[in-house]
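Listed below are the residues making up each chain.
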Amino acid sequence: MKSESTIIDVPAESSSAKKGSAALIGMAKDHTASDSGGYKRGLSIFDFLLRLAAIIASSVAAGTMFTSDETLPFFTQFLQFQAGYDDLPTFQFFVIAMSMISGYLVLSLPFSVVTIVRPLATAPRLLLLVLDTAVMAFNMAAASSAAAIAYLAHNGNQNTNWLPICQQFEDFCQKTSGAVVSSFVSVVFFIILVVISGVALKRH
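Because the structure is a prediction, the values reported are computed rather than measured.

### A closer look at the pattern of salt bridges
When the charged atoms of two side chains lie near each other, side chains of opposite charge can form a pair.
Next, step 1: For the coordinates displayed, the defined rule picks out two salt bridges.
Next, step 2: Taking the shortest distance from any N to any O, the salt bridge between Asp47 and Arg51 comes out at 2.7 Å. In this pair, Asp47 and Arg51 are both assigned in helix α1 (residues 15-66), four residues apart and thus about one turn of the helix distant.
Next, step 3: Overall, the relative accessible area of 0% leaves Arg51 in the buried class.
Next, step 4: Of the charged contacts in the structure, one is a salt bridge between Asp132 and Arg51, with a shortest N-O distance of 2.6 Å.

Okay, here's the thing in structure tokens:
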């Protein structure tokens, strides 16, 4: 008795079907890339706005410290009591540093615009991350050193017989303190900028 076998022909996948599946895969990849690009473009816009805010903060810090001179009303022809930022090397360094930081932030705006136009580009983002980190450390150094001198101006130091001067030079101390606060605000902006660049560079 002969056994009968059944043969089933499975048609090979046509070229049109292959093209259709490839097109679907390509559309899925494009959709993922567009979602990532939109997300990074939003981060780039926020980065640009933060740089504008940091420019204002650093410029206010430098300008306020630069105009902090005060002369007491009681003085004679041969003697007058005056306090200014240029009397202290730390405050001079502060003005120069914050001015340089403001200039850097202005120069960094075109690179930030590039990241908005091309959100998937990594080179300008990486450059901004490295430079922002270095400038952030520079900003922190200037703000911290000026804060130490401002503290001595307000409270003095009994161990070294340094007397506080803010009871006499109130306007000078208010301006220098305001400049220090503004410089620390700039530091906060830089920290956020570094975090944004790191998040944008992260591969999804």
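Read on, since the account is not over.
### Considerations on helix α2 (residues 89-117)
Next, step 1: The end-to-end C-alpha distance of α2 is 43 Å, a good match for the 42 Å that 29 residues give at a rise of 1.5 Å each.
Next, step 2: At Leu109, α2 shows its largest kink, close to 35 degrees, and the proline Pro110 lies no more than four residues downstream.

### Let's talk about the environment of Ala53
Next, step 1: Within the element layout of this structure, Ala53 appears in helix α1.
Next, step 2: Taking relative accessible area as the criterion, Ala53 reaches 25% and is therefore assigned partly exposed.

### Overview of helix α3 (residues 123-155)
Side chains of residues three or four places apart in an α-helix project in the same direction, reflecting 3.6 residues per turn.
Next, step 1: End to end, α3 covers 48 Å across 33 residues, agreeing with the expected 48 Å (1.5 Å per residue, within 8%).
Next, step 2: Every buried residue of α3 is accounted for by Pro124, Arg125, Leu128, Leu129, Asp132, Val135, Asn139, Ala142, Ala143, Ala146, Ala150 and Ala153.
Next, step 3: The positive-phi residue at the C-terminal boundary of α3 is Gly156, with phi of around 70 degrees.

### Structural notes on the confidence of the model for the protein chain
Next, step 1: Residues with a pLDDT of 70 or more make up 75% of the protein chain, whose mean pLDDT is 80.
Next, step 2: Between the elements of the protein chain, mean pLDDT differs from a low of 68, seen in strand β1 (residues 70-71), to a high of 94, seen in α2.
Next, step 3: Predicted confidence for residues 17-33 stays below pLDDT 50, and this span has three contacts to residues more than four positions away or in other chains.

### With respect to the nonpolar core
Next, step 1: The biggest cluster of nonpolar side chains holds 36 residues, and the ones touching the most others in it are Met65, Phe94, Leu105 and Phe190.
Next, step 2: For this core, the secondary structure elements donating two or more residues are α1, α2, α3 and α4 (170-201).
Next, step 3: Non-local contacts of Met65, meaning those with residues more than four positions away in its chain, are made with Tyr85, Phe91, Phe94, Val95, Thr176 and Ala179.

### A short note on the environment of Ser186
Next, step 1: One can find Ser186 in helix α4.
Next, step 2: Here the alpha-carbon distance between Ser186 and Leu50, two residues 136 residues apart in the chain, equals 9.6 Å.
Next, step 3: Among the polar contacts made by the side chain of Ser186, one reaches the side chain of Asn139 at a distance of 2.8 Å.

### Let's talk about the packing of α2 against α4
Next, step 1: Closest axis-to-axis distance for the α2/α4 pair is 12 Å, and the angle between their directions is 40 degrees. As for how α2 packs across α4, the hand of that crossing is left-handed. Across from Phe91, Phe94, Met98, Ile101, Tyr104 and Leu105 in α2, the residues of α4 making contact are Phe172, Thr176, Ala179, Val180, Ser183, Ser186 and Phe190.
Next, step 2: Across the contact of α2 with α4, the residue classes tally to 10 nonpolar, three polar and no charged.

Calculation notes
Residues numbered from 1 in each chain as written. Predicted model: local features only at pLDDT ≥ 70, side-chain atom pairs only at ≥ 80, totals over all residues. Heavy atoms only, no water. Salt bridge = Lys/Arg side-chain N within 4 Å of Asp/Glu carboxyl O. Helix = DSSP H or I, 4+ residues; strand = E, 2+ residues; numbered from the N terminus. Buried < 20%, exposed > 50% of the residue type's maximum accessible area, 1.4 Å probe, protein only. Expected span 1.5 Å × (residues − 1). Bend = angle between axes of the 7 residues up to and from the residue. pLDDT = per-residue confidence, 0-100. Contact = heavy atoms within 4.5 Å. Core = buried A, V, L, I, M, F, W, Y, C linked by side-chain atoms within 4.5 Å. Polar contact = N/O pair within 3.5 Å; in protein donor to acceptor, adjacent residues only side chain to side chain. Axes fitted to C-alpha atoms, helices over the stretch in contact; angles between N-to-C directions. Left-handed = near helix turned anticlockwise from the far one by under 90°. Nonpolar A, V, L, I, M, F, W, Y, C, P; charged D, E, K, R; others polar.

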